[in-house]
Structure formats: C-alpha cells, structure tokens
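# Notes for the structure review
Next come the chains, spelled out residue by residue.
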Amino acid sequence: MNDTRYTDYGIALLRISLGVMFIAHSVVLKYFTYSLAGTAQFFESIGLPGLLAYVVFGMEAVGGILLVLGVRTREVSAALIPVLIGALWVHSGNGWVFSGANGGWEYPLYLIVLSAAQVLLGEGAFALSRRQAPVRGAVARQVA
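Note that the structure is a prediction, hence the values are computed from the model and not measured. (Residues numbered from 1 in each chain as written. Predicted model: local features only at pLDDT ≥ 70, side-chain atom pairs only at ≥ 80, totals over all residues. Heavy atoms only, no water.)

### Observations regarding helix α4 (residues 73–91)
- Between its first and last C-alpha atoms α4 spans 26 Å; for 19 residues at 1.5 Å apiece the expected length is 27 Å, and the two agree.
- I81 marks the point of greatest bend in α4, at about 25 degrees, and the proline P82 comes within the next four residues. (Helix = DSSP H or I, 4+ residues; strand = E, 2+ residues; numbered from the N terminus. Expected span 1.5 Å × (residues − 1). Bend = angle between axes of the 7 residues up to and from the residue.)

### Some words on unusual backbone geometry
- Of note, S35 is a non-glycine position whose phi angle comes to about 70 degrees, a positive value.
- Structurally, S35 can be placed in the loop between α1 (7–33) and α2 (36–45).

### Points about the packing of α2 against helix α3 (residues 51–69)
- Two numbers describe how α2 lies on α3: the axes approach to 7 Å, and their chain directions differ by 120 degrees. With respect to α3, the axis of α2 lies oblique. In this structure, α2 crosses over α3, and the sense of that crossing is right-handed. Residues L36, A37, T39, A40 and F43 of α2 form the contact with α3, whose participating residues are L52, A53, Y54, V56 and F57. (Axes fitted to C-alpha atoms, helices over the stretch in contact; angles between N-to-C directions. Parallel < 35°, antiparallel > 145°, perpendicular 65-115°, else oblique. Left-handed = near helix turned anticlockwise from the far one by under 90°. Contact = heavy atoms within 4.5 Å.)

So this is what it looks like as structure tokens:
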C-alpha cells in the first residue's frame, strides 16, 4: 500500500528543518557565537579568504529563510550544496563524529544528502511558491 496523503507534509518538514538548520548555523553560530569577524579569522586560519566567511554567512542566512518560506526551494537547496561541500572539506580531517574535537565530517555529509533530497523533492506543503497570483485577464473577465 502506497499512501501518499501526507507526502507533502513530510517534504515540508524536511524543507523547514533544513532551513532552520541553515539559519542556526549562520545567525546563531557565525554571527552571535563566533561573530562574523571571528568566523572570517577562522576561514583565514584554514587558508580560505576571510571575505568568504561573509559570503557563506549570507548564503546560509538568506537560503535558510527562503527554505523556511518555501521560495525557490530546489534552486536554494542546490546553491547551498557547495557551501556544505566546503564544510565537509573543513571537517574532513576531524574524524567521523561531529561531537569530536573541531567537529567531524558526518554532519556536513548528511546535510549534503538532505539538500540533494530537497532538490529532488521540491517544496512540499505550506510553501509560498505554491501560492500563485491570479491572472489579470481572468480577474478582469470575472469582474466584467
């Protein structure tokens, strides 16, 4: 039996939780916990340009908000995969478990898989992109 009545809700749950995670990693972690300047210093300490920290922060914050709202879900999820690949690279030498020193690489890899699934599944229920503005000609015909 293949009951798909709740599929859109499951997809929405994936989308919203993924968006909240990106918001948490950008705003809570990079902005409030480490500060953007501190995040930039960390990027520089591992050989990346400090400016890239601000780009990553912006992509995660804006992307997270767009995911929560359900706006251009497939595109946003795909655009965030390179950021996650960068995080995977950063954590690749720290071992498997994220709770280890400096975090492991399983969590960024898991987020890559979730983002790829979101690209394949789309936005799900409660997405703003599902609300379509009425066609002007159709509204004009109904009024007349």
